[in-house]
Amino acid sequence: MALKLHNSLTRTKDEFKPLEEGRVGIYVCGPTVYGHAHLGHAKSYVSFDVLVRYLRYLGYRVTYVQNITDVGHLTDDADEGEDKIAKAAAKEHVHPMALAELYTRSYFEDMDKLNCVRPDISPRASGHIIEQIELVKTLLEKGYAYEVNGSVYFDVAKLKDYGKLSGRNIEEMVAGARVEPSPDKRNPVDFALWKKAEPNHIMQWPSPWGLGYPGWHLECSVMAMKYLGKTIDIHGGGLENQFPHHECEIAQSEAANGVPFVRFWLHNNMVTVDGQKMGKSLNNFITLKQAFAGDHERLNRYYEPLAVRQLILNSHYRSPLDFSDAALYAASSGYQRITEAVKAVRKHAKTAPSGGADKDILDQLDAAKAKFEEAMNDDLNTAVALSVLFDLVRLASKLTEDSGTTAETLGAVDQLFTQLGGDVLGIVQNEYIESVAASDEAVDKLAQILIAQRAEARKAKNFAQADAIRARLDEAGIVLEDKPDGTQWRWK
RNA sequence: GGCGGCGUAGCCAAGUGGUCCAAGGCGACGGUUUGCAAAACCGUUAUUCGUCGGUUCGAAUCCGACCGCCGCCUCCA
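So, here is what we can say about the structure in this document.

Parameters at a glance
- Residues numbered from 1 in each chain as written.
- Chains lettered and ligands numbered in written order.
- Predicted model: local features only at pLDDT ≥ 70, side-chain atom pairs only at ≥ 80, totals over all residues.
- Heavy atoms only, no water.
- Disulfide = S-S within 2.5 Å.
- Axes fitted to C-alpha atoms, helices over the stretch in contact; angles between N-to-C directions.
- Helix = DSSP H or I, 4+ residues; strand = E, 2+ residues; numbered from the N terminus.
- Parallel < 35°, antiparallel > 145°, perpendicular 65-115°, else oblique.
- Left-handed = near helix turned anticlockwise from the far one by under 90°.
- Contact = heavy atoms within 4.5 Å.
- Nonpolar A, V, L, I, M, F, W, Y, C, P; charged D, E, K, R; others polar.
- Core = buried A, V, L, I, M, F, W, Y, C linked by side-chain atoms within 4.5 Å.
- Buried < 20%, exposed > 50% of the residue type's maximum accessible area, 1.4 Å probe, protein only.
- Pairing = 2+ DSSP bridges.
- Phe/Tyr/Trp six-rings, centres within 6.5 Å; stacked < 30°, edge-to-face > 60°.
- Lys NZ or Arg CZ within 6 Å of the ring centre and 35° of its normal.

## Describing the state of the cysteines
Reasoning step 1: In total, this model carries zero disulfides according to the counting rule given.
Reasoning step 2: Not part of a disulfide, Cys29 finds its nearest cysteine sulfur in Cys220, a span of 3.9 Å.
Reasoning step 3: Here Cys248 is not disulfide-linked; the sulfur of Cys220 is the nearest cysteine sulfur, at 11 Å.

And the structure:
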């Protein structure tokens, strides 16, 4: 069965075939780096990360491009308002490029924690001003754009199929326009390709039309075609960008090149928090750093980054996802269960007898793999794919409890965990660090003393004292677990 | 106002005409284990898919109405 992806352009699940045999080019709209990444970014980029990982699993050579928007994204999309980066930079009294750099690093840091593979290319909009000017020139030459007072606008009326992605038509949009159209525009739905810069605008570049800066939509068209060609296989982004951003990208690119811009448009759905749209004013705006630290009044505790990842994968990328402390807690518990199962398999494999892999188990693993692929082939049904991992957890527990299970059998289970749960879903790690972090060394020593004392008390059947030690450690946030090979501690 | 989507157990969530008298996870409950716990493991947990009506031999799945929620059109991934 072949991979099918829901294409926003056709509104159906279409069989995916790349333009060039065996190779795939993907462009995903990246962040505008004027603040720390939040839960919404996580859903979007984890979703596309899984797409990239799965395509590679299927054997494609994937080129993954995801831009960093560091200029041109205005606070108001009707081509008015301020540049988001410049506005935030002014507030923090730093140069816009310094601000962009700070949040770019922050973004990568968070995405690394979520175990998202780095894009092959992370182009910056500010690094492609020349190419953007060239595209504007082309559009002017071909008659799709016009210049007014040092700004250049795209003439939407010149493109008959404008609106094909979002299912809108120009008349409706003009009639329903809620913002006062700019007097420079011939048509209210026209959009800026190049904006004239006011003298106090820090980010500005010389152009044939005077000093200015590029319109937001321009960068994606330019960088996508520069690195992936005039027609790209897959373009991903958030649903909220379907219009106007992606529609404008199509308009610019197809007007300039005369060929289809994107073959598959993929849009991921939005995030809500406690059932409401996430917004700064609603006090439910949660950054990833806050989630990982538990530093938000909506959260009862901190959550491991991969637990957040698991919650995202638990639902479909085209469905909205409601974040709540309860949902995160549930995902976290499930994530721990998978993690413990993988660790147990690897641990047992080291001491298990050798003797070849169990044929029956191998068959079960093949069946699990087939079920996983079938789910992923169906427009990346990660919820079902994840359920296959839980099937493996159940199988693994049976095997690790049976002392007759061979190392080869356990090795095969580990391999599938690593491949499906690790390579594709990104929630199973290749290595788990068992040792206590260096900073906890002193705590570990103290805990060991108390654990030894408790062991003596238990030996003497002084359970009152033993329980008191355990209770007081619990108060300090340390949980004791009595395992067959001794007592271990962990943070609550 | 225009366009689009959603409503499945206590919670999250898959399924979109029969193989579903509905995956999986969390939680809860019962059990194994334990001195007792924790952790782990096993088992149980929706005669029903927002409401009402229709199409069909057959619907959670298609159609209509209604109720509720959400998104885009205006900054957002």
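## Some points on the packing of helix H1 (residues 39–57) against helix H11 (residues 359–377)
Reasoning step 1: Contact geometry of H1 with H11 gives a least axis separation of 12 Å together with a crossing angle of 125°. When the axes of H1 and H11 are compared, the pair comes out oblique. Crossing of H1 against H11: the hand is left-handed. Here Val50, Tyr54 and Tyr57 of H1 come into contact with H11, specifically with Lys369, Glu373, Met376 and Asn377.
Reasoning step 2: Here the residues of the contact of H1 with H11 sort into four nonpolar, one polar and two charged.

## Some remarks on the nonpolar core
Soluble, globular proteins show a tendency: their nonpolar side chains are buried together.
Reasoning step 1: Membership of the largest hydrophobic core comes to 129 residues, with the highest contact counts inside it found for Ile26, Phe154, Ile234, Phe323, Phe417 and Leu425.
Reasoning step 2: Counting residues per element, this core draws most heavily on H1, which supplies eleven residues.
Reasoning step 3: Filtering out sequence-adjacent residues up to four positions away, Phe154 remains in contact with Leu139, Tyr144, Ala145, Tyr146, Leu159, Asp190, Phe191, Leu193, Ala251, Gln252 and Ala255.
Reasoning step 4: In this structure, Ile451, Leu473, Ile478 and Leu480 belong to the second largest nonpolar core, which totals seven residues.

## Section: the sheet that holds strand E4 (residues 61–66)
Reasoning step 1: Pairing in this open sheet of four strands is parallel, and the strands run E4-E3-E11-E12 from one edge to the other. Pairing within the sheet leaves two strands with one partner each, and these edge strands are E4 and strand E12 (262–268). Direction aside, the axes of adjacent strands within the sheet are offset by 20° on average.
Reasoning step 2: As defined by bridge partners, strand E3 (residues 23–28) adjoins E4 across six bridges and the pair is classed as parallel. Bridge pairing links Val28 to Gln66 in E4.
Reasoning step 3: The strands that H1 touches are E3, E4, strand E11 (232–238) and E12; relative to E4, the one it contacts most, it runs at about 160°.
Reasoning step 4: Contacts from helix H7 (residues 242–257) reach E11 and E12 within the one sheet, and its direction differs from that of E11 by about 155°.

## Notes on the packing of aromatic side chains
Reasoning step 1: One pass over the structure, following the stated rule, counts ten aromatic pairs.
Reasoning step 2: Both rings, one in Phe16 and one in Tyr60, keep their centres 6.0 Å apart while their planes meet at 80°; by these two values the pair is edge-to-face. Taken together, the residues Phe16 in the loop between strand E2 (12–15) and E3 and Tyr60 in the loop between H1 and E4 connect sequence positions 44 residues apart.
Reasoning step 3: Among the residues examined, Phe16 registers a relative accessible area of 3% and is labelled buried.
Reasoning step 4: Linked through ring pairs, Phe16, Tyr60 and Phe264 together constitute an aromatic cluster.
Reasoning step 5: Here Arg186 stacks its cationic end above the ring of Tyr146, 4.0 Å away from the centre of that ring.
Reasoning step 6: The lysine or arginine in question, Arg301, covers the ring of Tyr302, its NZ or CZ lying 5.2 Å from the ring centre.

Remember that the coordinates give geometry; whether it matters functionally is a separate question.
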